[in-house]
Amino acid sequence: VRVGASTAVRVWTGDVAPMLAGATPAQAFVRLRLHSDADAAKAMAAAGQPPSPLVSFYWLSPLRDATLAIAAPRLVSVERTSDSAAVLRVASNATAALVSAHCEAIPGSFSDGALTLLGGASPLSMYFEADRPFELAELRECVRFRSLRDTWD
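Residues numbered from 1 in each chain as written. Predicted model: local features only at pLDDT ≥ 70, side-chain atom pairs only at ≥ 80, totals over all residues. Heavy atoms only, no water.

A. Quick peek at the sheet that holds strand β5 (residues 96-102). Read across the sheet, three strands follow the order β7-β5-β9 without closing on themselves; strand pairing throughout is antiparallel. Since the sheet does not close on itself, it has two edges, and those belong to β7 (115-117) and β9 (144-146), each with one partner. Each strand of the sheet is rotated relative to its neighbour by a mean of 45 degrees, with strand direction disregarded. Here β5 runs beside β9; their pairing, made up of three bridges, is antiparallel. Within β9, the position partnered with S100 by the bridge is R146. (Pairing = 2+ DSSP bridges. Helix = DSSP H or I, 4+ residues; strand = E, 2+ residues; numbered from the N terminus. Axes fitted to C-alpha atoms, helices over the stretch in contact; angles between N-to-C directions.)

The following block contains the structure:
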């Protein structure tokens, strides 16, 4: 389905109950993946930004009612992009909703404050921009991840 800029298109309408295979709405979510068209992908590549799909998650129940497993988001790898910035690759053993990262020892900001990680899926990238230069070992040591489920305990 092609969607023009600043427009909306209804892609699908239907009953999700048959697809739940006995699960309740509190146990399920929908993942949407939107890909750029060829022209947009070329423009992004020319600007030095590898094209990647826009991925969005929609829970079928309010998040307060969702059945979320205890997950363990973890740092898979970290790569320096400058003396004060890095790309972190993050993965999880189970679906982890609204994962945030923090590092008390290095003031700075992360590019995404609410990742959804799927258990066993390929790691996702998160960018960190620090307020000062840092060593990769220092970042690896201090970065911590927390998901929505962690806030319940």
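There is more to say after this.
B. Summary view of the pairing of β5. Sheet analysis places β5 next to β7, joined by two bridges and oriented antiparallel. For A96, the partnering residue across the bridge sits in β7 and is L117.

C. Structural view of the state of the cysteines. By the definition in use, this model includes one disulfide. Between the sulfur atoms of C103 and its disulfide partner C142 the distance amounts to 1.6 Å. Negative torsions about the S-S bond denote left-handed disulfides, and the value of about -65 degrees found for C103 with C142 makes this one left-handed. Pair noted here: C103 is in the loop between β5 and β6 (108-110) and C142 is in helix α2 (residues 136-142), with a separation of 39 residues, a long-range link. Judged by its relative accessible area of 13%, C142 is buried. (Disulfide = S-S within 2.5 Å. Buried < 20%, exposed > 50% of the residue type's maximum accessible area, 1.4 Å probe, protein only.)

D. Representation of the packing of aromatic side chains within the structure. As enumerated under the stated definition, the model contains five aromatic pairs in all. Geometrically, the ring pair formed by F110 and F128 is tilted, given 4.6 Å between the ring centres and 35 degrees between the ring planes. Linking F110 in strand β6 with F128 in strand β8 (residues 124-130), this pair joins segments that are 18 residues apart in sequence. Each member of the aromatic cluster is reached from another via a ring pair, and the members are F29, F57 and W59. Directly above the aromatic system of F134 lies the positively charged group of R80, at a separation of 5.2 Å from the ring centroid. (Phe/Tyr/Trp six-rings, centres within 6.5 Å; stacked < 30°, edge-to-face > 60°. Lys NZ or Arg CZ within 6 Å of the ring centre and 35° of its normal.)

E. Geometry of the layout of surface pockets. In this structure, the largest pocket occupies an estimated 820 Å³ of space. Along the wall of the largest pocket there are 30 residues; nearest its centre are S52, P53, V55, L124 and S125. Of all elements in the fold, only β1 (29-34), β2 (54-59), β4 (85-91), β7 and β8 reach the threshold of two or more residues within the lining of the largest pocket. With four residues, β8 is the largest single contributor of residues to the lining of the largest pocket. For the lining of the largest pocket, the per-class residue count stands at 18 nonpolar, eight polar and four charged. (1 Å grid on protein atoms, 1.4 Å probe; cavity = no way out; pocket = protein on both sides within 12 Å on 5 of 7 lines; lining within 4 Å. Points joined across faces, edges and corners; volume = space filled by probe spheres on them. Nonpolar A, V, L, I, M, F, W, Y, C, P; charged D, E, K, R; others polar.)

Shape is all these values report; function is a separate question.
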